[in-house]
Amino acid sequence: MKDYTNKIEKYLRGQMSHEEEARFEQKVKSNALIRFQAGIMTMLIRKIK
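Residues numbered from 1 in each chain as written. Predicted model: local features only at pLDDT ≥ 70, side-chain atom pairs only at ≥ 80, totals over all residues. Heavy atoms only, no water.

**Side note on the packing of helix H1 (residues 5-12) against helix H3 (residues 32-48)**
The description of two helices packed together rests on the angle between their axes and the distance between the axes. The cut-off we apply is this: Note on definitions: angles span 0 to 180 degrees between N-to-C directions of axes, and those axes are lines fitted to C-alpha atoms, for helices only across the stretch in contact. Each helix is a run of DSSP H or I of at least 4 residues and each strand a run of E of at least 2, with the numbering of both proceeding from the N terminus. For classification, angles of less than 35 degrees are called roughly parallel, those exceeding 145 degrees roughly antiparallel, those between 65 and 115 degrees roughly perpendicular, and all remaining angles oblique. In this scheme, a crossing is called left-handed if the near helix is turned counterclockwise away from the far one by less than a right angle; it is called right-handed if the turn is clockwise. By the convention used here, residues are in contact when the closest approach between their heavy atoms is within 4.5 Å. When residue character is reported, Ala, Val, Leu, Ile, Met, Phe, Trp, Tyr, Cys and Pro are called nonpolar, Asp, Glu, Lys and Arg charged, and the others, Gly included, polar.
Following both chains from N to C, one finds H1 and H3 inclined at 55°, their axes separated by 10 Å at the closest point. Compared by their axis directions, H1 and H3 come out oblique. In this structure, the crossing between H1 and H3 has a hand that is right-handed. Taken together, the residues of H3 that come into contact with H1 (itself represented by Thr-5, Ile-8, Glu-9 and Leu-12) are Ile-34, Gln-37, Ala-38, Met-41, Thr-42 and Ile-45. Residue composition of the contact of H1 with H3, grouped by class: six nonpolar, three polar and one charged.

**Regarding the nonpolar core**
Formally: To define a nonpolar core, start from buried Ala, Val, Leu, Ile, Met, Phe, Trp, Tyr and Cys residues and group those joined through side-chain atoms within 4.5 Å. For every residue, the accessible area obtained with a 1.4 Å probe (protein chains only) is divided by the maximum for its type, and the residue is called buried under 20%, exposed over 50%, and partly exposed between those limits.
Tyr-4, Ile-8, Met-16, Phe-24, Val-28, Ile-34, Ala-38 and Met-41 together form the largest nonpolar core, which totals eight residues. Looking at which element gives the most residues to this core, the answer is H3, with three residues. Setting aside chain neighbours within four positions, we find Ile-8 in contact with Phe-24, Ile-34, Gln-37, Ala-38 and Met-41.

In short, shape yes, function no, at least from these values alone.
Written out as structure tokens, the structure is:
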């Protein structure tokens, strides 16, 4: 299983170019594992704030 933590963090922090963001968003839409990981990370970040 590939870990997408770094890419998710870069996306959430706004550290990706527009092209990288678009590619990542497409990947999230088409890959349930990435979507799940991103959802969990987003919930954790929101809880901490």
